[in-house]
Amino acid sequence: MDLESVRDSLIRQEDTIIFSLIERAKFPINSWANAPPQNGVDGFPAPSFLHFFVREAEALHAKAGRYENPEENPFFPDDLPSSMVPSHDYKQVLHPAGSSINVNKIIWDIYFNKLLPLVAAEGDDGNYGLTAASDLACLQAISKRIHYGKFVAEVKFKDAPDEYGSAIRNKDSEGLMKMLTFEAVE
């Protein structure tokens with residue numbers, strides 16, 4: 001993994017995010033999908049239909065081995081089933097501390113509370129399944145792009161371990177951000 005391949009992947013991921021948001025904008029917000037069940041009438045064993053939908057999709061994806069890939073981070077990592085497919089030997093790129101980073105709870109909150117209201121109109125058209133599938137596509141694309149920053153940092157660290165090591169030891173977060181950020185691109 002080198003910086004050029006990482007940058008190429010980031011560009012493709014950004015295109016995926018844009019396309020998924022365009023597709024999501026075809027539906028109104030459909031608040032019912034992310035609302036708590038009404039007195040248990042809705043019957044979902046989760047805080048909302050959308051939580052139920054994402055958990056079930058992630059369980060299926062886990063069985064297919066998706067989360068064996070270090071580039072993938074589930075929104076609900078607890079109690080995922082084991083993969084049912086032969087494992088792939090993924091190259092260990094990330095430091096173990098980097099591998100453990102998962103900011104999907106923050107991504108979920110920002111997506112539904114800040115981003116979605118900017119791209120979807122108010123309203124309810126009853127297409128809850130399609131809306132949830134579209135939300136999941138957006139969430140997964142955004143999550144992959146944000147978490148891919150771990151790979152950017154790792155590649156840059158490996159290219160200049162002394163510079164990064166010094167900044168890390170000195171807890172120079174501002175210096176680290178300057179080294180990590182390529183302003184012409186970001």
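To be clear, the structure that these remarks concern was listed above.
Residues numbered from 1 in each chain as written. Predicted model: local features only at pLDDT ≥ 70, side-chain atom pairs only at ≥ 80, totals over all residues. Heavy atoms only, no water.

S.K.: Could you give me a rundown of the nonpolar core, with the residues and numbers involved?
M.R.: Counting residues in each nonpolar core, the largest one holds 22 residues, and the members touching the most others are L50, V54, F75, W108, Y111, F112 and L139. Of all the elements in the fold, those that place two or more residues in this core are α1 (3–24), α2 (49–63), α4 (104–119) and α5 (128–147). Ranked by residue count, the leading element in this core is α5, at 6 residues. With near-sequence residues (within four places) excluded, F75 lies in contact with V54, E58, N104, I107, W108, L139, Q140 and S143. Core analysis: the next-biggest nonpolar cluster, separate from the first, contains 9 residues, L3, V6, L94 and Y148 among them. (Core = buried A, V, L, I, M, F, W, Y, C linked by side-chain atoms within 4.5 Å. Buried < 20%, exposed > 50% of the residue type's maximum accessible area, 1.4 Å probe, protein only. Helix = DSSP H or I, 4+ residues; strand = E, 2+ residues; numbered from the N terminus. Contact = heavy atoms within 4.5 Å.)

S.K.: Quick rundown of helix α7 (residues 161–169)? Include the residues and the values.
M.R.: What α7 keeps buried is the set Y164, G165 and A167. The buried residues of α7 occupy an angular sector of 165° when the element is viewed end-on, so they sit on one face. More than 90 degrees from the buried face of α7, the exposed residues found are D162, E163 and R169. Tucked inside the fold, the buried residues of α7 contact α6 (149–159) and α8 (173–180). In the segment just after α7, K171 is the residue with positive phi, at about 50°. (Arc of directions from axis to C-beta.)

S.K.: Please provide a residue-by-residue account of the pattern of salt bridges, values included.
M.R.: Enumeration according to the criterion identifies 7 salt bridges in this entry. Between D135 and R24 there is a salt bridge, with the nearest N and O atoms lying 2.5 Å from each other. Linking D135 in helix α5 with R24 in helix α1, this pair joins segments that are 111 residues apart in sequence. In this pair, the class of D135 matches that of R24, namely buried. Here K178 makes a salt bridge to E174, at a shortest N to O gap of 3.7 Å. One end of the pair, K178, and the other, E174, are both in helix α8, 4 residues apart, so they sit about a helical turn from each other. Grouping residues by exposure puts K178 and E174 together as exposed. Residues participating in the shared-partner salt-bridge network are R66, E71, E72 and K144. (Salt bridge = Lys/Arg side-chain N within 4 Å of Asp/Glu carboxyl O.)

S.K.: Mind laying out the packing of α4 against α5, listing which residues take part and the relevant values?
M.R.: Two elements in contact, α4 and α5, have axes whose closest approach is 10 Å; the angle formed by their N-to-C orientations is 125°. Taken together, the axes of α4 and α5 lie oblique to each other. For the pair α4 and α5, the crossing hand works out as right-handed. Contacts from N104, I107, W108, Y111, F112, L115 and L116 in α4 reach D135, C138, L139, I142, S143, I146 and H147 in α5. Class assignment for the residues of the contact of α4 with α5 results in 10 nonpolar, 3 polar and 1 charged. (Axes fitted to C-alpha atoms, helices over the stretch in contact; angles between N-to-C directions. Parallel < 35°, antiparallel > 145°, perpendicular 65-115°, else oblique. Left-handed = near helix turned anticlockwise from the far one by under 90°. Nonpolar A, V, L, I, M, F, W, Y, C, P; charged D, E, K, R; others polar.)

S.K.: How would you sum up empty space enclosed by the protein? Please name residues and give values.
M.R.: Within the structure shown, the criterion is met by 1 cavity of 30 Å³ or more. Approximately 50 Å³ is the volume found for the largest cavity. Lining the largest cavity, in full, are E58, R66, Y67, E71, E72, N73, P74, F75, Q140, S143 and K144. Tallying contributions element by element places α5 first for the lining of the largest cavity, with 3 residues. Across the lining of the largest cavity, the residue classes tally to 3 nonpolar, 3 polar and 5 charged. (1 Å grid on protein atoms, 1.4 Å probe; cavity = no way out; pocket = protein on both sides within 12 Å on 5 of 7 lines; lining within 4 Å. Points joined across faces, edges and corners; volume = space filled by probe spheres on them.)

S.K.: Can you break down the packing of aromatic side chains residue by residue, with the values?
M.R.: Inspection of every chain in the model, using the stated rule, returns 9 aromatic pairs. An angle of 55° between the planes, with centres 5.0 Å apart, marks the rings of W108 and F112 as tilted. Taken together, the positions of W108 and F112, both in helix α4 and 4 residues apart, correspond to about one turn of that helix. Of the two residues, W108 and F112, both sit in the buried class. (Phe/Tyr/Trp six-rings, centres within 6.5 Å; stacked < 30°, edge-to-face > 60°.)

S.K.: Give me α1: which residues, what numbers.
M.R.: With 22 residues, α1 should reach 32 Å at 1.5 Å per residue; the first-to-last C-alpha distance of 31 Å fits that figure. Taken together, the buried positions of α1 are occupied by L3, V6, S9, L10, Q13, I17, S20, L21 and R24. Considered in projection along α1, the buried side chains sweep an arc of 115° and stay on one side of the axis. Residues of α1 that are exposed and point over 90 degrees away from its buried face: R12, F19 and I22. Looking at the buried side of α1, the elements it contacts are α4, α5 and α6. (Expected span 1.5 Å × (residues − 1).)

These values are about where atoms sit, not about what they do.
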